[in-house]
Structures are given as C-alpha cells and as structure tokens.
Amino acid sequence: MAVGTIVWLGSEVMFFAGLFAIYFTLRSTSPELWQFETEKHNFVFALVNTLILVSSSITCQFGVFAAERLQARSTGWKPSQWGMVEWFFLTYALGAIFVSGQVLEYATLVSEGVTLASNAYGSAFYLTTGFHGIHVTAGLIAFLLVIGRGFAVKNFGHKEATSAIVVSYYWHFVDVVWIGLFLVIYVLK
C-alpha cells in the first residue's frame, strides 16, 4: 500500500509541476498584470493560513507516531496520552480551518474583481490554489475514513497503522505543495 501511494504521489508531483509551469508561463508574459493583481493579496492572512496548514502536518505526524505504537485512542486527557484518533481529529480541524480561510480569501478577491475569468492572473491563481484546495479536501475525507477505521476495528493493528501512515504521506505532500504555492504567489509576487 505504501509503495503504491508513493508512486501515485509521483504522478501528483507531475500534475502540480504542470500547474506551476502554467503559472510561471502566464506570469512571464504579463509582468505588469501580476504586479497589479498581487497587490490585492492579504499577505498576513495568507501567512497565518499557511502556518495553520503547516501545523497540521505536525499534528498529523504525532498521529502517525501513535498509530505506530498501535494506539488508536487516548489513554488520558494530556496530549502525550493521545492516540491516532485525537491527533487526526486535530489535524482535520486545522485542515478545515485552512480550507475555510482559502474560501474567505476567494470571496475577498472576487469582491475585488479577481475571478477565474477576469484575466490570466485570476486563471492561474484559482487553478493552482483551487486544485490544491481540492487535494486538501480529499485529505480531510481520508482522515475521516482512517478515524472511522480506528473506531470500527476491535484490535488496532499494523494494517490500520499502515493506513494512517499512507494518509500522512499524502497530507505531508499537500503541505509541501502549499509551501511552494505560498512562496510563489505571496512572497515572490
């Protein structure tokens, strides 16, 4: 299962490489447009949203550590006693906050006239961040499935732990892609 996921993530790397290529190609043909449109971004908001997503990678990894210990659920209230389920619930919440932040940013930009159809910048921005948002949402669904599996089985074993680990591969990949997007869209302008 893990090897198949890694191979599939390789294809996802190529997909996002294509989106980055589209972004850079359009940017190189319209530098004035990029300068004008990127001024509409709220850098601080995007940075906070990015930190929320990156922190979800940390909580996800704590969930993996618990799964590797074959500890599906909490043995107490302290985070050091949490199991995979609690860590993955927290990861889910952080990921959902990130997606909500992205929706809020979209609404703000649309109100300022930046839409998918407005110009090349809008197309590139919404395609790259939109596909990323779809991938984050898919990761959130995967977390719910793994959490459900943690509740459904009588004995949490290596098979369930492997599922948690595989979902973490995907989640970390999605986080790394966002860091790249954040740097390209909000920092390099």
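These numbers were taken from a predicted model, which means no experiment stands behind them.

Cut-offs applied
Residues numbered from 1 in each chain as written. Predicted model: local features only at pLDDT ≥ 70, side-chain atom pairs only at ≥ 80, totals over all residues. Heavy atoms only, no water. Patch = residues over 30% accessible without salt bridge, like charges linked within 9 Å, V, L, I, M, F, W, Y side chains within 5 Å. Areas by Shrake-Rupley, 256 points an atom, 1.4 Å probe, with all protein chains shown as cover. Salt bridge = Lys/Arg side-chain N within 4 Å of Asp/Glu carboxyl O. Helix = DSSP H or I, 4+ residues; strand = E, 2+ residues; numbered from the N terminus. Axes fitted to C-alpha atoms, helices over the stretch in contact; angles between N-to-C directions. Parallel < 35°, antiparallel > 145°, perpendicular 65-115°, else oblique. Left-handed = near helix turned anticlockwise from the far one by under 90°. Nonpolar A, V, L, I, M, F, W, Y, C, P; charged D, E, K, R; others polar. Buried < 20%, exposed > 50% of the residue type's maximum accessible area, 1.4 Å probe, protein only. Polar contact = N/O pair within 3.5 Å; in protein donor to acceptor, adjacent residues only side chain to side chain. UniProt positions renumbered as here; feature names shortened; annotations may be inferred.

Participant: Any chance you could explain a nonpolar patch on the surface here in plain terms?
Facilitator: Judged by side-chain polarity, Phe 43, Val 44, Leu 47, Val 48, Leu 51, Ile 179, Leu 183, Val 187 and Leu 188 come together as a nonpolar surface patch covering roughly 760 Å² of accessible area. For the nonpolar patch, the secondary structure elements donating two or more residues are helix H3 (43-68) and helix H6 (158-187). Among the elements that take part in the nonpolar patch, H3 stands out by supplying 5 residues, more than any other. Here Leu 188 shows up in the segment after H6.

Participant: Teacher, can you tell me more about the packing of H3 against helix H4 (residues 84-111) here?
Facilitator: When two helices pack together, their arrangement is given by the angle between the helix axes and the distance between those axes. Running from N to C, H3 and H4 point in directions that differ by 160°, and their axes come no closer than 8 Å. Judged on the interaxial angle alone, H4 and H3 are roughly antiparallel. The way H3 lies across H4 gives a crossing that is left-handed. A breakdown of the residues in the contact of H3 with H4 according to their chemical character gives 16 nonpolar, 9 polar and 1 charged.

Participant: When you look at the environment of Thr 108 in this model, what are you seeing that I'm missing?
Facilitator: Take Thr 108: it is sitting in helix H4. Between the C-alpha atoms of Thr 108 and Thr 128, which are 20 residues apart in sequence, the distance is 17 Å.

Participant: So what exactly am I meant to see when it comes to the side chain of Thr 91 here?
Facilitator: Counting through the fold element by element, Thr 91 comes out in helix H4. Relative accessible area serves as the criterion here: at 0%, Thr 91 is assigned to the buried category. A distance of 2.8 Å separates a polar side-chain atom of Thr 91 from the backbone oxygen of Trp 87.

Participant: For this particular structure, what's the right way to read the UniProt feature "transmembrane region" (unreviewed entry) in the chain?
Facilitator: Under the UniProt annotation, "transmembrane region" (unreviewed entry) lies at residues 7-26, 46-67, 87-104, 124-148 and 169-188. Here residues 7-26 runs as 100% helix and 0% strand, with 29 Å between its end C-alpha atoms. A helix fraction of 100% and a strand fraction of 0% characterise residues 124-148, whose end C-alpha atoms lie 36 Å from each other.

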